[in-house]
Structure formats: C-alpha cells, structure tokens
Amino acid sequence: MHIAIGSDHGGFELKHALEKMLDQKGVTYDDFGANSASAVDYPDIAVAVGQEISSHRADAGILICRTGIGMSIAANKIEGVRAALCGTPELARLSRQHNNANVLTLAGDTPSADAAAIANAFLDTPFSGGERHKRRIDKIHSLTGK
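What this report covers is the structure whose coordinates are included nearby.

### Details of the packing of aromatic side chains
Then, in step 1: Per the stated rule, a full pass over the model turns up 0 aromatic pairs.
Then, in step 2: Across the ring face of Phe 122, the terminal group of Arg 96 is positioned such that the distance to the ring centre comes to 5.7 Å.

### Comments concerning unusual backbone geometry
Then, in step 1: Gly 33 connects to Ala 34 through a cis peptide bond whose omega is -5°.
Then, in step 2: Assignment of secondary structure puts Ala 34 in the loop between strand S2 (28–31) and helix H2 (42–54).
Then, in step 3: Although it is not a glycine, His 56 sits at a positive phi angle of roughly 65°.
Then, in step 4: The topology assignment puts His 56 in the loop between H2 and strand S3 (60–65).
Then, in step 5: We classify His 56 as exposed; its relative accessible area is 69%.
Then, in step 6: Positive phi, normally seen in glycine, also occurs at Asn 100, with a value near 50°.
Then, in step 7: Checked against the element boundaries, Asn 100 lands in the loop between helix H4 (89–99) and strand S5 (103–107).

### Some thoughts on the state of the cysteines
Here a disulfide denotes one covalent bond, and it connects the sulfur atoms of two cysteines.
Then, in step 1: Across all of its chains, the model carries 0 disulfides by this definition.
Then, in step 2: Cys 86 carries a free sulfur, and the closest cysteine sulfur to it, the one in Cys 65, is 13 Å from it.

### Brief notes about the pairing of S3
Then, in step 1: Within S3, 6 of the 6 residues are buried, which leaves the element mostly enclosed by the surrounding structure.
Then, in step 2: As defined by bridge partners, S3 adjoins S5 across 5 bridges and the pair is classed as parallel. What sits directly across from Gly 61, in S5, is Val 103.

### Some thoughts on the pattern of salt bridges
Then, in step 1: The full count for this structure, using the stated rule, is 5 salt bridges.
Then, in step 2: With a shortest N-O distance of 2.8 Å, Lys 15 and Asp 31 are connected by a salt bridge. With Lys 15 in helix H1 (residues 12–25) and Asp 31 in strand S2, the pair connects residues that are 16 residues apart, well separated along the chain.
Then, in step 3: Accessibility expressed as a relative area gives 0% for Lys 15, which makes it buried.

Rules used in this analysis
- Residues numbered from 1 in each chain as written.
- Predicted model: local features only at pLDDT ≥ 70, side-chain atom pairs only at ≥ 80, totals over all residues.
- Heavy atoms only, no water.
- Phe/Tyr/Trp six-rings, centres within 6.5 Å; stacked < 30°, edge-to-face > 60°.
- Lys NZ or Arg CZ within 6 Å of the ring centre and 35° of its normal.
- Helix = DSSP H or I, 4+ residues; strand = E, 2+ residues; numbered from the N terminus.
- Buried < 20%, exposed > 50% of the residue type's maximum accessible area, 1.4 Å probe, protein only.
- Disulfide = S-S within 2.5 Å.
- Pairing = 2+ DSSP bridges.
- Salt bridge = Lys/Arg side-chain N within 4 Å of Asp/Glu carboxyl O.

Here it is, written out as structure tokens:
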C-alpha cells in the first residue's frame, strides 16, 4: 500500500507522528506538506493529495488540519476522492467497509495514539464490496458525474 499524506500547519505535528507509525508498519508514503508549522492554505494540500488518489498514484490518503473539516471538504471536490473525517477507529472502519473511503481526514488536535488507532483501522479495513454499498457509491458519483 502506498499513501499520500499531507497537513496544514495545524496538523503538522500529528502528521509527523503518523509518518513514524507508517514507517513502523512498513507502509510507503509521499508527504505533500506542510513542511513546518508556518501557515499554509489547507486546500492546496488537499488538492495535491486528492490528485494522487484520483490519478491512482496512491492507494489511500491521510489529510490533517486543525479540525479535519476543511481538508475533508476540499478533498471531496477532487474527482474520485471519498474523504471521511473520522474521530474513532470504528468510524474509520465503517468509512472503508461501507463507503470505500480512500482519504482519511483527522483533526490536528487528536492525540497521536488515538490518531494511530484511527489510521490503522482505516488502512487495515477493506471495502466490503457488497452490492448495496456499491450501488450507493455509484449514486454518489452520479451526483457530480465523476
């Protein structure tokens, strides 16, 4: 599995903690910023990660901003991205099983141990592939023609 990961300044510290977890897990990733705690615009990072998903250069993405909300909204504007803001491992698991989410968004203030558990649940859970879930995802894509 190859991950695209990015954060704005509000998620910079958590992003680095998650990268350590990815290293330990043996998951490869590309880091799309931020590269410091200096202010950056989260939509720029969300677009960069979203394009990696849309072009199939990455299997999944992780985005972090202060609340996770802005990243989720911005990422979901990219064709083929299904970003889910998850605050628990159970929500992360369900976002993968039922919605085939391919981008996890997190709040930058999430404790790193909690974020690692959420990210692990997201990365370790496959899409269920059930017909009703596929049908619903197809309906979501038909809303925008993407």
